[in-house]
Amino acid sequence: MTGATATIEDQLRAILRDVLGVDAARAEAIDDDTPLFGAMPELDSMAVAGLLTEIEDRLHILIDDDEVDGEMLESFGSLSAFVRAKRGA
Amino acid sequence: MTRGAPRVHSYGDGEAMLGFGPASGPQLLILQPLFEEMNRSRALIAALCRGLADRGIGCWLPDLPGTGESPRALDTLTWSDWREAVPMVVAATGVPVLGSVALRGGALLDGVVVGRHWRLAPTSGRSLLSDLRRSALASGSDPATPAGYTLSPGLAGPLAAADAAPDARTVRLVSDDRPANLRVEGIPVWRRPEPQADAALAELLADDIAAWAKA
C-alpha cells in the first residue's frame, strides 16, 4: 500500500486494524454500512482516542474535540465522509 | 550464550538503566516510547534487546526521569530534564555508543544522541499530547492530568512543538503508509490497551537494526 494509491477507506481500515486489533478478514469486510461506535465491541471510548489520533497522523487532518460525536462514529461510511470533508476532497 | 538476565546499571542521580548483550561490538542506546505507550511496549522492547544481544550488539535501556523505575515524579520534570538525561545515559555506559534506537515518542529525544539514529514508527509531540487529552476526556478524568500522567507546563509546552529531526533510518508497520525506509508486518503493541507481545516483529526489527548497525 502506498500513499498514492491507497483510498481513504483503505487507510481507515488499516487504522481500525491497528488500533482495535481487528483481524484482516474482518477489516476487509468493513463497508460504509458497518456500524462502529456502540456496535464494535473493541471500539470503546478509550480506543476512540487512539483512533482519532491515528486518523490525524495518517490522513493529515486535525480533528477538534467538539467535532467528535455519535454521528461521526456511527458507521464506517459516516467516518469516511467526515474525513473526506475534512480533507476538502 | 549472551542471552540472559540484563545487567542493572544507573545513570545521573539514581536513575535506572538496564544493559543487555556484549560490551564489545556495537553499542546502542534504546529510547523507549513515552507515557502509556512505554508500558504497552515493554514486552516488545525486552524481546528486541535480547534479540540484539544475540546478534552481538550491546543495548542500554534507560528509564527517563519520572518514568518506569525512576525515583522522581513525572510532574516535577521538564522537557529539558529529559534532553539533559540522555547525555548522562551515554556517559554512564562507559563505552563508545554507535547511536540510538528510538521507538515512537523516543524519537523526539534521539537528536541529543551523537551518532546514527534508527526509529520505529516515530510520532510527534502534538500527537502524544492529543492522545493523552482524548484519553482523559474519554475516561472522565481531568484533561490537566490525563490518564494519571500529570505533565508540568515545562514538559507539555516544549513537547507540543517537538518533532523528530530528519536523518534517521525509519521503520514503520505495513499498515502505516507514511514515509519509511522499511515496512514490516506486526502488531502496533503501543496502541493496544492490553499488553501484547509480538515475537516475530521483535525478530524482524532486530535483524534490521543489526544490519544497519554493522553496515
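Owing to the predicted nature of the structure, the values given are computational and were not obtained by experimental measurement. (Residues numbered from 1 in each chain as written. Chains lettered and ligands numbered in written order. Predicted model: local features only at pLDDT ≥ 70, side-chain atom pairs only at ≥ 80, totals over all residues.)

As for the overall build of chain B
Okay, step 1: In terms of regular secondary structure, chain B is built from six helices and eight strands.
Okay, step 2: Mapped from its N terminus to its C terminus, chain B presents α and β elements in the order β-β-β-α-α-β-α-β-β-α-α-β-β-α.
Okay, step 3: Taken over C-alpha atoms, the radius of gyration comes to 16 Å for chain B, in line with the 17 Å a tight globule of 215 residues would show.
Okay, step 4: Overall, the C-alpha framework of chain B stretches about 50 × 40 × 30 Å when taken along its three principal axes.
Okay, step 5: Across the 215 residues of chain B, 47% fall into the buried class.
Okay, step 6: When contacts within chain B are restricted to residue pairs at least 6 apart in sequence, long-range pairs at least 24 apart make up 64% of them. (Helix = DSSP H or I, 4+ residues; strand = E, 2+ residues; numbered from the N terminus. Rg over C-alpha atoms; globule rule 2.2 N^0.38 Å. Buried ≥ 20, exposed ≤ 12 C-beta atoms within 10 Å, placed from the backbone. Contact = placed C-beta atoms within 7 Å.)

Here we look at the interface of chain B and chain A
Okay, step 1: At the junction of the two partners, chain B supplies 17 residues and chain A supplies 21 residues.
Okay, step 2: Broken down by class, the residue content of the side of chain B that touches chain A amounts to four nonpolar, six polar and seven charged. (Nonpolar A, V, L, I, M, F, W, Y, C, P; charged D, E, K, R; others polar.)

Here's the deal with the pairing of strand 2 (residues 15-20) of chain B
Each regular strand shows side chains that alternate between the opposite faces of the sheet.
Residue and element names in this part refer to chain B.
Okay, step 1: The buried fraction of strand 2 is high, at five of six residues.
Okay, step 2: Hairpin connection, strand 1 (residues 7-11) to strand 2: the antiparallel pair is bridged by three residues, and Gly12 has positive phi, about 55°.
Okay, step 3: Sheet topology note: the strand 2/strand 4 (residues 58-62) ladder contains four bridges and is antiparallel. The partner of Met17 across the bridge, within strand 4, is Pro62. (Pairing = 2+ DSSP bridges.)

Digging into the nonpolar core
Residue and element names in this part refer to chain B.
Okay, step 1: Among the nonpolar cores identified, the biggest contains 62 residues, and Leu28, Leu29, Ile30, Cys49, Leu52, Cys59 and Leu61 are the most heavily contacted of them.
Okay, step 2: The dominant element in this core, judged by the number of residues it contributes, is helix 6 (residues 199-214), at seven residues.
Okay, step 3: Ignoring anything within four residues of it in the chain, the contact list for Leu61 reads Met17, Leu18, Phe20, Ile30, Ile45 and Cys49. (Core = buried A, V, L, I, M, F, W, Y, C linked by C-beta atoms within 7 Å.)

Looking at helix 1 (residues 8-20) of chain A
Residue and element names in this part refer to chain A.
Okay, step 1: With 13 residues, helix 1 should reach 18 Å at 1.5 Å per residue; the first-to-last C-alpha distance of 18 Å fits that figure.
Okay, step 2: Inspection of helix 1 places Gln11, Leu12, Arg13, Ala14, Ile15, Leu16, Arg17, Asp18, Val19 and Leu20 among the buried residues, and these make up the whole buried set.
Okay, step 3: The elements touched by buried residues of helix 1 are helix 2 (24-28), helix 3 (45-59) and helix 4 (76-86).
Okay, step 4: Gly21 occupies a position one or two residues after helix 1 and carries a positive phi of about 75°. (Expected span 1.5 Å × (residues − 1).)

Some points on helix 5 (residues 153-161) of chain B
All names here are of chain B.
Okay, step 1: Along helix 5, the residues classified as buried are Leu155, Ala156 and Leu159. End-on view of helix 5: buried residues confined to an arc of 90°, all on one side of the axis. Opposite the packed face of helix 5, turned more than 90 degrees from it, sit the exposed residues Pro153 and Ala161.
Okay, step 2: Buried residues belonging to helix 5 abut helix 3 (79-93) and helix 4 (125-139). (Arc of directions from axis to C-beta.)

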